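Breakdown of the fold
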Amino acid sequence: MSNVSSSSFGRGSQIILNVYLVIFFAYMFLPLILMVAAGFNEFDTPSVTTWKGFTWKWFGVLAQDDRMWSGLVNSILIAVGVIIVSMPLGLAGAFLITRLQSRYNGLLYGIMVSPLLTPGIILGISTLIFWREGGVSGGLFTAAVAQATYISSYTMLMFMARLKRQDVTLEEAALDLGASHTQVFRRITMPFLKPTILTAAVIAFLQSFENYNTTIFAIGGSHTLVTEIGSRMRFGLSPAVNVIGIIFVFLTITFATIYVIFREREKKRVSALMG
Amino acid sequence: MRGMDIELKDVSIRFGDFTAVYPTNLKVNAGEFFSILGPSGCGKTTILRMVSGFSNPTSGEILIGGQSMAGIGPDKRPTALIFQSLALFPLMTVRENVAFGLEMRGMARGPRNDKAQELLDLVALGDQGEKIPDELSGGQRQRVAIARALAVEPAVLLLDEPLSALDLKLRQHMRSELRDIQRKTGVTFIYITHDQGEALTMSDRIAVMKAGVIEQVGTTDQVYNEPSTAFAATFVGANNMFKGKITKTSKGEAEIETKYGLLRGTNPQNLSTGSEAILFVRPEKTLVLSGKEKAENTIDVTYERRDLEGAFVNLHFQREDNKFTVHQTNVDLKSFDKGDQCTIGFDARAAMILPDGELADE
């Protein structure tokens with residue numbers, strides 16, 4: 001392999017490639033490393049240049065922070081709500097576009113993905129105003145509804161990608177063998193969609209969890225973890241926020257590793273089956 | 001005999017401005033192996049989809065077993081369709097595939113698995129029930145599709161070019177197997193194909209279709225030996241062709257004036273003197289004449305080459321731009337060199353004169 005690359009690229013381009021990789025990884029990971037390091041610094045402003053010694057105390061400070069905890073709970077509640085709304089909406093939209101061969105398909109598609117192109121602030125404000133007219137003031141409910149408007153477009157795109165790959169004759173074959181439309185959906189279409197249902201739910205959760213600009217306008221007096229962190233920016237940062245970062249980096253690495261191990265096993269199992 | 005008859009009464013279908021099938025009348029008998037033969041895009045699959053209930057005719061009526069199928073969906077018709085892609089359910093085992101139709105009818109697991117096993121035995125896959133379709137070979141998948149369709153005990157089995165994805169050997173094997181299954185079960189088969197060999201070897205009767213119109217319906221012998229149009233003649237089997245104008249008719253025969261002189265042939269449609277016509281003669285009825293052999297019609301040609309197919313050989317001749325083929329069995333062959341001057345010929349009884357018309361593409 002290395003022979004091939006050194007012969008097809010010259011020595012000069014090999015060096016350029018290596019330099020590029022170093023810069024790329026530094027750009028990606030240096031801020032993360034600094035953030036992690038500052039979370040263990042005794043100094044009470046996030047910094048690595050002013051090192052006052054190693055400490056775990058910011059973990060303790062965070063654990064005592066009730067607004068952060070309630071924010072986390074709110075974030076999870078909203079994300080669950082978003083999943084409940086955006087999964088069926090996205091699936092329905094995807095069915096409509098992939099199966100209904102209408103000449104308005106292009107228009108329909110445009111309308112359904114337009115929330116992705118609309119600034120998040122506008123989604124948040126418009127949802128708030130709409131529901132306030134109906135007597136519902138800003139809160140977790142409006143935040144979830146506002147987020148779902150654009151996250152439904154994401155789930156729809158994912159379901160569409162999957163449905164487009166399905167052989168429609170499978171559904172026809174099931175119908176021909178006497179299955180009703182409900183039976184076709186349950187026995188043929190749903191099993192086919194299963195992997196996408198899982199990934200779409202994960203994406204919807206993450207999109208919801210990290211959302212700031214839609215939520216901040218729709219949530220009224222309440223707060224999520226992300227809006228809470230945002231609002232504290234105004235009074236200067238505390239290393240406790242870095243600790244949140246550290247926890248997420250840790251969780252990400254853990255889940256990514258589990259996922260890779262799981263996938264490798266699945267691959268081996270499939271190749272053993274096929275072999 | 002559990003097959004049912006199918007009748008198309010003035011059935012046509014249009015998609016926007018495009019007429020896929022012009023008003024068609026067709027009767028398929030109960031328990032018959034019936035093929036619809038035609039080039040791709042001629043509307044044969046559309047007919048199949050109308051019979052199975054996936055498309056609705058723009059006009060006319062389809063009857064199965066004497067009952068009108070108007071307003072009856074594919075899940076309620078006594079038909080089962082075998083798709084060109086087979087459409088086996090990839091996430092189910094072979095047994096679950098075969099038992100699917102029974103499951104949908106609410107049959108309990110025990111009886112439906114017994115029935116599935118019976119059908120898998122019928123198609124010689126008795127020990128493959130636990131595999132998933134992807135683990136089977138093309139021919140095996142083919143047989144699973146047949147078993148799955150037969151499991152719901154259809155009166156009519158509709159097959160949409162199911163052999164087209166298989167290699168030649170397997171295709172020939174599956175032909176006789178399909179024929180066997182059809183005889184054993186007595187189900188009416190409607191078989192769609194663009195392969196004349198398939199249609200001729202398996203069918204009781206054939207419909208030759210072109211551009212949304214059925215040109216001829218007949219037994220395999222009728223379609224091959226007595227084609228009714230220039231298209232049917234050229235789509236089913238090979239021909240040597242001579243275009244010209246009829247100069248004389250007498251007692252079922254006619255004489256046609258061609259570039260290479262006057263030729264005589266049968267005149268099955270009683271064409272009158274002066275009509276534009278084509279004389280067709282099959283390569284196996286065309287002879288290479290040496291000194292003592294004689295034929296009513298003769299043409300001087302130049303030898304080009306031969307194609308040895310094993311049991312038989314096709315000899316190719318040429319005159320100007322026209323190519324001629326003589327089909328001989330591989331017994332006591334004479335050999336020729338390229339450029340040899342030869343004479344080919346045929347008797348009037350062996351040739352047919354049909355009205356000039358569109359030919360099938362080579």
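Residues numbered from 1 in each chain as written. Chains lettered and ligands numbered in written order. Predicted model: local features only at pLDDT ≥ 70, side-chain atom pairs only at ≥ 80, totals over all residues. Heavy atoms only, no water.

When helices and strands are counted, chain A shows 12 helices and 0 strands. Along its sequence from the N terminus, chain A presents helices and strands in the succession α-α-α-α-α-α-α-α-α-α-α-α. In terms of overall size, chain A is more extended than a compact globule, its C-alpha atoms giving a radius of gyration of 24 Å where 275 residues would be expected to give roughly 19 Å. Here chain A holds 275 residues, and 35% of them are scored as buried. Counting only contacts in chain A whose residues sit at least 6 apart along the sequence, the fraction spanning at least 24 positions is 69%. With an accessible surface of roughly 16,600 Å², chain A has 72% of that area assigned to carbon and sulfur atoms. Of the side-chain charges in chain A, 20 are positive and 13 negative, and the distance between the mean point of each set is 6 Å. (Helix = DSSP H or I, 4+ residues; strand = E, 2+ residues; numbered from the N terminus. Rg over C-alpha atoms; globule rule 2.2 N^0.38 Å. Buried < 20%, exposed > 50% of the residue type's maximum accessible area, 1.4 Å probe, protein only. Contact = heavy atoms within 4.5 Å. Areas by Shrake-Rupley, 256 points an atom, 1.4 Å probe, with all protein chains shown as cover. Lys, Arg positive; Asp, Glu negative; His and termini not counted. Charge placed at Lys NZ, Arg CZ, Asp CG, Glu CD.)

It is worth spelling out the interface of chain B and chain A at this point. Opposite the 25 residues of chain B that make contact, chain A presents 18 residues. Carbon and sulfur atoms make up 64% of the area that chain B and chain A hide from each other, which totals about 1,900 Å². The interface formed by chain B and chain A contains 2 salt bridges. Across the pair Glu103(B) and Arg187(A) runs a salt bridge, and its minimum N-O distance is 2.7 Å. At the junction of chain B and chain A, the tally comes to 5 residue pairs in polar contact (both at pLDDT 80 or more). Mapped by element, the contributors of at least two residues to the side of chain B that touches chain A are helix H1 (44-52), strand S6 (79-82), helix H2 (94-104) and helix H4 (138-151) of chain B. When residues in the side of chain B that touches chain A are grouped by element, the largest group, 4 residues, is from H2(B). The residue makeup of the side of chain B that touches chain A, split by class, is 15 nonpolar, 4 polar and 6 charged. (Buried area = accessible area lost by both parts, 1.4 Å probe. Salt bridge = Lys/Arg side-chain N within 4 Å of Asp/Glu carboxyl O. Polar contact = N/O pair within 3.5 Å; in protein donor to acceptor, adjacent residues only side chain to side chain. Nonpolar A, V, L, I, M, F, W, Y, C, P; charged D, E, K, R; others polar.)

Formed by 75 residues in total, the largest nonpolar core has its most connected members in Ile47(B), Phe89(B), Phe100(B) and Leu157(B). For this core, the leading source of residues is H4(B), giving 7 residues. Excluding its chain neighbours within four sequence positions, the residues that come into contact with Phe89(B) are Leu170(A), Ala173(A), Ala174(A), Leu177(A), Ile188(A), Asn97(B), Phe100(B), Pro133(B) and Arg148(B). Counting residues in hydrophobic clusters, the runner-up holds 24 residues, among them Ile299(B), Tyr303(B), Phe346(B) and Ile353(B). (Core = buried A, V, L, I, M, F, W, Y, C linked by side-chain atoms within 4.5 Å.)

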